[in-house]
Amino acid sequence: MGYDNQDWDGRPAIAIINTWSEINPCHVHLRERADWVKRGILQAGGLPLELPAMSLAEMFVKPTTMLYRNMLAMEVEELLRSHPVDGAVLMGGCDKTTPALVMGAVSAGLPFIYLPAGPMLRGNYAGRTLGSGTDAFKYWDERRAGTIDAKEWFGIEAGIARSYGHCMTMGTASTMTAIAEAMGLCLPGASSIPAADSGHQRMSAACGRRIVDMVWEDLTPDRIITPSAVRNAVTVAMATGCSTNAIIHLIAMARRAGVPLELEDLDRIGRVTPVLANVRPSGKDYLMEDFFYAGGLRALMKQLGDRLDGAALTVAGVGIGEGLEQITVYNEDVIRPLSRPVYHEGSLAVLKGNLAPDGAVIKPAACDPRFHVHAGPALVADSYPELKAIIDDPDYPMTPDTVLVLRNAGPQGGPGMPEWGMIPMPKALLKLGQRDMLRLSDARMSGTAFGACVLHVAPESFVGGPLALLRTGDIVEIDVPNRSLNMRVPEAELAERRAAWVAPAPIYERGYGQMFSSHIEQADKGCDFDFLRTDYGAPVSEPVIF
């Protein structure tokens, strides 16, 4: 390979874990950014070694990238364990890549720094500002309702993604990179820099320089991801108006680091943490580019004040609160003060009841408030093809009070818990002018989506959770202020249905899918593999070499 002894002798070897690929627009610039990371590593006296990893392109991977999050985590852990490296720069950003990279690197235990891909530039069509996902879903409903034609739809498609980078709404990608920074895993301010901004190149080089110092300092992830760091991450997530997917990934990331985190912890912090980021879909007017110009994540942290533990250590080697007093909020309509929030509570609410004894999730800030307390008859679909037949029939019998239910779409049933929970509005209601209704599933939804969607019902129906017992016509009732989700069915009737329930046949009988189905945990546990938990077996020792 042409290396001379002086290229490596006495120098920290730094792995650059790069999730670039030609099919992932979120990461298409990471091939070039790796050169900037290498520049920084060389400047600081290290040896850069680029190692490719799965890209997990959210919009192309079948049936869902969630099926492969844990595979990427395993790949990262073993890449770092099996190669002669001393530290790592993790390059990612598209939804599942952030938690996967972090989970794997935490389990490997080497010093690492996370380099977020950055949001793309805001979209534009015919003078209208467009947000990733959010406006695609919005205008697709209008297309299905017949209010816009094919020409306008194609114009929206062309204008919504104007540069490389991940979604520029506060979807899962922006949420998870913000969480990584709030957990102390990024350089200060890194998660807010747009992918196309020259500051992103400078940040990439800075990551390269800093990881070399982290190796000499032996600044390992167990010193950074502490209970305080996890609480900071949850608080920041709630204040951003975060994606519902944040709950699953936060639990998985924290548990990999040996920090217990439950749904109840997230709900408790959410109840007292208002949404401060006026960024779609929870906010109304702005996108991540505006958030960056307004001061970025560090400005939001400043607005949160003493709700954060400023002493929590970061990859920069200082507390996360270091220097926050010097940060300026340039636009308080984008990054609101505590006295004037976008929404009075955090972005997410955890519901429990006889439909979801282990929990379900809703995003109250992104749905019509009239569905915060609601009761209506269930209309149940057992598969996505069944659901599609319902939503595409303009004459299907239903009312605005109907609760549309999709089941068998959870971790095992999906498989992989696809983003089918953002159930499109049925044509039968669109023609009446309705643009929201209560929808319920054991699936996930895109962080860029919106609407009265109850998600992550646990246990899932595929393994015999109570959702499997629900029938069309049963009354479903939700009470978000009191955090409840129930079906009005007597316990004796549920017992009869449970006795008659027959488990579905396994989806996979070989390969990775079979391993996934055998070991995946439920949504309330973070959907990690049971054998990857920190408390599963003895720690893995350094490989023996001769």
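All residue numbers here refer to positions counted from 1 along the written sequence of the relevant chain. Owing to the predicted nature of the model, reporting of local features is limited to residues with pLDDT of at least 70; listing and counting of side-chain atom pairs is limited to 80 or more, with chain, interface and lining totals taken over all residues. No hydrogens and no water enter the side-chain calculation; it runs on all heavy atoms of the structure.

Some thoughts on the overall build of the chain
When its secondary structure is counted, the chain shows 18 helices and 14 strands. Throughout, radius of gyration means the C-alpha value; the globule benchmark is 2.2 Å times the number of residues raised to the power 0.38. For 546 residues, the compact-globule estimate of 2.2 N^0.38 gives 24 Å, and the C-alpha radius of gyration of the chain, at 23 Å, lies within 12% of that figure. The dimensions of the chain, computed from C-alpha atoms along their principal axes, are 75 × 55 × 45 Å. Each of the 546 residues in the chain was classed as buried or not, and the buried ones make up 59%. The Shrake-Rupley method, run with a 1.4 Å probe sphere, supplies the accessible areas, and residue values consider only the shown protein chains as cover. Surface exposure of the chain reaches about 20,600 Å², of which carbon and sulfur atoms provide 53%. The charge count includes Lys and Arg as positive and Asp and Glu as negative, but it does not include His or the ends of the chains. Every charge is mapped to an atom, namely NZ of Lys, CZ of Arg, CG of Asp or CD of Glu. Considering the chain, the positive charge centre built from 50 side chains and the negative charge centre built from 64 side chains are found 4 Å apart. Strands are runs of DSSP state E lasting at least two residues, helices are runs of H or I lasting at least four, and both sets are numbered from the N terminus onward. The rule is simple: take the accessible area with a 1.4 Å probe, protein chains only, and divide by the maximum for that residue type; under 20% is buried, over 50% is exposed, in between is partly exposed.

Some remarks on a nonpolar patch on the surface
By definition, no residue in a patch forms a salt bridge, and every one has over 30% relative accessible area; like charges are joined within 9 Å, nonpolar side chains (Val, Leu, Ile, Met, Phe, Trp, Tyr) within 5 Å. A pairing counts as a salt bridge when a side-chain nitrogen of Lys or Arg comes within 4 Å of a carboxyl oxygen of Asp or Glu. Taken together, the side chains of Met1, Tyr3 and Trp8 present a nonpolar region at the surface, about 450 Å² in accessible area. By the secondary structure assignment, Trp8 is in helix α1 (residues 5-8).

Considerations on the side chain of Arg483
With respect to the helices, strands and loops of the structure, Arg483 is situated in the loop between β13 (475-479) and β14 (484-487). Judged by its relative accessible area of 9%, Arg483 falls in the buried class. Pairs of N or O atoms are called polar contacts if they sit within 3.5 Å, as long as, within protein, a hydrogen donor faces a hydrogen acceptor (for residues adjacent in sequence, only side-chain-to-side-chain pairs). A polar atom in the side chain of Arg483 sits 2.8 Å from the side chain of Asp267. In contact with Arg483, not counting residues within four places along its chain, are Asp267, Arg271, Glu345, Ala349, Val350, Leu351 and Lys352. When checking whether two residues touch, look at their non-hydrogen atoms; a contact exists if any pair is within 4.5 Å.

Regarding the pairing of strand β4 (residues 112-116)
β4 sits mainly inside the fold: five of its five residues count as buried. Side-chain alternation along β4 places Phe112, Tyr114 and Pro116 on one buried face and Ile113 and Leu115 on a second face that is also buried. Here, strands pair whenever DSSP counts at least two bridges between them. Here strand β3 (residues 87-92) runs beside β4; their pairing, made up of five bridges, is parallel. By the bridge assignment, Leu90 is partnered in β4 with Tyr114. Handedness rule for crossovers: strands pointing away from the viewer, path from the first strand over the helix to the second running clockwise, crossover right-handed. Each parallel crossover has a hand, and the one from β3 via helix α4 (residues 97-108) to β4 is right-handed.

Some remarks on helix α8 (residues 198-217)
A helix is expected to span 1.5 Å for every residue after the first. Relative to the 28 Å expected for 20 residues at 1.5 Å per residue, α8 spans 29 Å between its end C-alpha atoms, a close match to the ideal helical length. Three or more residues of α8 are buried, namely Gly199, His200, Met203, Ser204, Ala205, Cys207, Gly208, Arg210, Ile211, Val212, Met214 and Val215. Packing partners of the buried residues in α8 comprise β1 (13-18), α2 (30-43), β3, β4 and α9 (221-224). Where α8 starts, the residue carrying a side-chain oxygen 2.7 Å from the main-chain nitrogen of Gly199 turns out to be Asp197. Of the residues flanking the end of α8, it is Asp218, one or two places downstream, whose phi is positive at about 55 degrees.

Considerations on the packing of aromatic side chains
Ring geometry is summarised as follows: Phe, Tyr and Trp rings, the Trp one being its six-membered ring, pair when their centres sit within 6.5 Å, and such pairs are stacked at plane angles under 30 degrees, edge-to-face over 60 and tilted between the two. The tally for this structure, following the rule as stated, stands at eight aromatic pairs. Summarising the aromatic geometry, the rings of Trp140 and Trp153 are spaced 5.2 Å apart at their centres and angled 50 degrees between planes, so their arrangement reads as tilted. Here Trp140 is found in helix α5 (residues 134-145), whereas its partner Trp153 is found in helix α6 (residues 150-160), with 13 residues between them in sequence. Its relative accessible area of 38% is what places Trp140 among the partly exposed residues. Judged by its relative accessible area of 12%, Trp153 is buried. Summarising the aromatic geometry, the rings of Phe292 and Tyr293 are spaced 5.8 Å apart at their centres and angled 50 degrees between planes, so their arrangement reads as tilted. Cluster of aromatic residues (ring-pair linked, three or more members): Tyr68, Tyr512, Phe516, Phe529 and Phe531. Each ring is checked for a lysine NZ or an arginine CZ that lies within 6 Å of its centre and within 35 degrees of its normal; such an atom marks a charge sitting over the ring. Its guanidinium or amino end placed over the ring of Trp36, Arg39 lies 4.2 Å from that ring's centre, counting from NZ or CZ.

Details of the packing of helix α10 (residues 227-240) against helix α12 (residues 263-271)
The axes used here are C-alpha line fits, helices contributing only the stretch in contact, and every angle between their N-to-C directions lies in the interval 0 to 180 degrees. At a minimum axis separation of 9 Å, α10 and α12 run at an interaxial angle of 55 degrees. Between α10 and α12, the crossing angle belongs to the class labelled oblique. In this structure, the crossing between α10 and α12 has a hand that is right-handed. From α10, Arg231, Val234, Thr235 and Met238 reach across to α12, where they touch Leu266, Ile269 and Gly270. Looking at the contact of α10 with α12 residue by residue, the class counts come to four nonpolar, two polar and one charged. Orientation is classified from the angle alone, with under 35 degrees giving roughly parallel, over 145 giving roughly antiparallel, 65 to 115 giving roughly perpendicular, and any other angle giving oblique. Should the near helix be turned anticlockwise from the far one by less than a right angle, the crossing is termed left-handed; should it be turned clockwise, right-handed. Residue polarity follows a fixed list, in which Ala, Val, Leu, Ile, Met, Phe, Trp, Tyr, Cys and Pro are nonpolar, Asp, Glu, Lys and Arg are charged, and the others, Gly among them, are polar.

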